[in-house]
Amino acid sequence: MAGKLLIIGFGPGSFEHITKRAREAIQESEIIIGYNTYVDLIAGLLSEQQVVRTGMTEEVSRAQEAVRQAKLGKKVAVISSGDAGVYGMAGLVYEVLMEQGWKREGGVEVEVIPGISAVHSSGSLLGAPIMHDSCTISLSDHLTPWELIAKRVEAAGMADFVIALYNPRSGRRTRQIVETQRILLKYRSPLTPVGIVKSAYRDRQHTVVTTLEDMLNHDIGMLTTIIIGNSATKLYEGLMITPRGYQRKYTLSAETQPLKPHQRLKSEAEPWALEQLEAEADFDESFEAYDEEGELIEDDESEEIAEPALLKSSPQAQSSNSLQLAMEALQLVSQGKDSPALAFDSKLIATQAIFEFAVSPGVANKKMSAAQLCALGEIVGDRGDIEYSPHHQLIVRVQTDDPNRITSELSALGLLLSPIGDVAQIKACDFCNLEKGDSIPYAEAIHNRIGNLEVPKELKIGFNGCGMACYGAVQQDIGIVYRKEKFDLFLGGKTVGRNAHAAQPVAEGIEPNELVDLVTRIVERYKKEGHPNERFHKFFKRVKEIEGYRHQEAVGFVIENALCGD
Ligand code: SAH
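Quick notes on the rules
Residues numbered from 1 in each chain as written. Predicted model: local features only at pLDDT ≥ 70, side-chain atom pairs only at ≥ 80, totals over all residues. Heavy atoms only, no water. Buried < 20%, exposed > 50% of the residue type's maximum accessible area, 1.4 Å probe, protein only. Helix = DSSP H or I, 4+ residues; strand = E, 2+ residues; numbered from the N terminus. Pairing = 2+ DSSP bridges. Salt bridge = Lys/Arg side-chain N within 4 Å of Asp/Glu carboxyl O. Near = heavy atom within 4 Å. Polar contact = N/O pair within 3.5 Å; in protein donor to acceptor, adjacent residues only side chain to side chain. Areas by Shrake-Rupley, 256 points an atom, 1.4 Å probe, with all protein chains shown as cover. Nonpolar A, V, L, I, M, F, W, Y, C, P; charged D, E, K, R; others polar. Axes fitted to C-alpha atoms, helices over the stretch in contact; angles between N-to-C directions. Parallel < 35°, antiparallel > 145°, perpendicular 65-115°, else oblique. Left-handed = near helix turned anticlockwise from the far one by under 90°. Contact = heavy atoms within 4.5 Å. 1 Å grid on protein atoms, 1.4 Å probe; cavity = no way out; pocket = protein on both sides within 12 Å on 5 of 7 lines; lining within 4 Å. Points joined across faces, edges and corners; volume = space filled by probe spheres on them.

Concerning the pairing of strand 19 (residues 424–428)
For strand 19, the tally of buried residues reaches five of five residues, placing the bulk of the element in the interior. Burial along strand 19 is two-sided: Ala424, Ile426 and Ala428 facing one way and Gln425 and Lys427 facing the other are all buried. As defined by bridge partners, strand 19 adjoins strand 20 (residues 459–464) across five bridges and the pair is classed as parallel. When the sheet's bridge partners are listed, Gln425 is paired in strand 20 with Lys460.

Below, the structure is given as structure tokens:
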């Protein structure tokens, strides 16, 4: 009679979390092979079986013994905690079989029975820390060189994975967790939520929710799993919750706002979105819900949504989106009760995108009125923020599902709104409190023609109304100075860095009626021929000539640029 290998993951350790198949498999086997503690954990399920107990480090001999017994025709259960395929016995048993030339056809039968791994049992006790892209890393260098483990920690930290650390520390192995924390602090905030779970679903179960900087001040041992949140993970009521997606930023112009607000958080546009439709068919339907202009076509057949889909086991229930299901579940548990769950606002979850834009009082005007500031303050509220930028603008960030209301309200108050990012911006002076205003129409004309135009890298066009150029027009990428009723032009300033330099004077006495077209041609060529991220001064140097103006190397000595903060 052919034997059989049953490789069983029995879950975290409690009886209720052992699957039905795992229980049956244990009962139908003749021999149980496992590490002492594991055999004790499933003792309640044993009857006649012969038990082979081994020590923890004898994994290979355990696998060999299992294969030997199965070849003798026995039904052998090899038990692992959690899932046998996660730092468990499954791989080892297959390795022994491969070494012996095992074939699926005619060889001993193998069945791997899945179990709940520590990442999931521990995760469930902490709230919902996994949720998004995640990885498991074992810090045990028993079978893996430490250099490789450190590299993986580094990569996972860099890629913002939620990380579950298995085998984080033992009596002898104490350095690895310290080093892991050090690596992760390079990429994540010290306040990143961290959950430490000891003996999940076992007698001495203990959970701690702490932070990345504080995690080493808690008890960590061989029976601990540590879960480190990603940059979006939040603490709430002592629980760790990782949102299903990341907050998304968008700004004003069509080019930098590829998705309209109603297109956001839909699975077809943003795969991480909450509204994930599971069935392929629903995917197509959701596309049809928009007309050609991309406007949302309201769906009147919303009754299906109103019914508690949770109670159905029909296909409709399966294809409902997960946010909807969560809302319905919440409604069911709080029905009739004055439950705080009712205070839960779906918008808080559904509308996480941040609308980001720049505000200024005008191209030439540098003064804001109290009414404008009040309106701005009201729109931003407690949750948004306003940042004072070095470019004559206030940067506003606000969570909203109605950006149009914000832009029309602020525009109506006479404020100038601009997108953020790689766009052209006119940085004009205040024309001596608007008193030397002859050239203002030219500044405004340039703004109307190319202001907010998307370019390879942010482009500042300095525009000053007299030869004093006190607002530093010549320090910008492009400088324009009004003097004696004509214009001087400067190209290719290097605005930042230790080797920053002013722009090169390329022309004096440009006729006013030629200026706007000339500047437009320069910027349009940069837009067309500039490499992505290539600053204007580099572009000028590379193409050597723009509109007949030849590039000249800036005088001075060359200094290596420092990284930000160095
Ligand atoms: N096959 C197992 C993992 C074995 S490696 C699984 O899938 O879960 C051993 C490590 O698993 C331990 O060091 C610890 O990090 C984790 N672990 C196993 N059981 C656990 C439990 N009940 N609670 C917390 N962590 C556990």
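Quick notes on the pattern of salt bridges
With the rule as written, the count across this model stands at 27 salt bridges. When the shortest N-O distance is used, the salt bridge between Lys186 and Glu154 registers 2.7 Å. Separated by 32 residues along the polypeptide, Lys186 in the loop between helix 7 (175–184) and strand 9 (193–198) and Glu154 in helix 6 (residues 146–158) bring together distant segments of the chain. Using a relative accessible area of 49% as the deciding quantity, one classes Lys186 as partly exposed. Put simply, Arg397 and Glu356 hold a salt bridge, and the shortest N to O gap is 2.6 Å. Pair noted here: Arg397 is in strand 17 (residues 394–399) and Glu356 is in strand 15 (residues 354–360), with a separation of 41 residues, a long-range link. A relative accessible area of 10% means that Glu356 is categorised as buried. Because the salt bridges share partners, they merge into one network encompassing Lys4, Lys20, Arg21, Glu24, Glu28, Lys75, Glu109 and Glu111.

Details of the site of the ligand
As a matter of local geometry, the ligand sits amid 20 residues, with Val86, Ser117, Met222, Thr224 and Thr225 nearest to it. The contact in question runs from an oxygen atom of the ligand to an N or O atom on the side chain of Ser117, over 2.6 Å. Take Asn167: an N or O atom from its side chain is 3.0 Å from an oxygen atom of the ligand. Considered on its own, the ligand offers 540 Å² of accessible surface; in the complex 95% of this is hidden by protein. Going through the elements one at a time, helix 5 (118–126) and strand 11 (224–228) are the ones with two or more residues in the shell around the ligand. Residue composition of the shell around the ligand, grouped by class: 10 nonpolar, eight polar and two charged.

Points about the environment of Ala428
Along the chain, Ala428 falls in strand 19. Here Ala428 falls in the buried class, since its relative accessible area comes to 0%. Linking Ala428 and Gly479, residues 51 residues apart in sequence, is a C-alpha distance of 9.8 Å.

Regarding the packing of helix 3 (residues 59–71) against helix 4 (residues 90–99)
Where helix 3 contacts helix 4, the axes come no closer than 9 Å and their chain directions differ by 60 degrees. Classed by the angle they form, the pair helix 3 and helix 4 counts as oblique. Regarding helix 3 and helix 4, the two cross each other, and that crossing is right-handed. Contacts between helix 3 and helix 4 involve Glu59, Val60, Ala63, Gln64 and Val67 from the former and Leu92, Val93, Val96 and Leu97 from the latter. Split into classes, the residues belonging to the contact of helix 3 with helix 4 amount to seven nonpolar, one polar and one charged.

Comments concerning empty space enclosed by the protein
Evaluated as defined, the whole model comprises two cavities of 30 Å³ or more. The space that makes up the largest cavity amounts to roughly 130 Å³. Lining the largest cavity are 16 residues, with Ser360, Gln393, Leu416, Gln425 and Ile426 positioned closest to its centre. Looking at the lining of the largest cavity, the elements with two or more residues in it are strand 18 (416–418) and strand 19. No other element matches the five residues that strand 19 contributes to the lining of the largest cavity.

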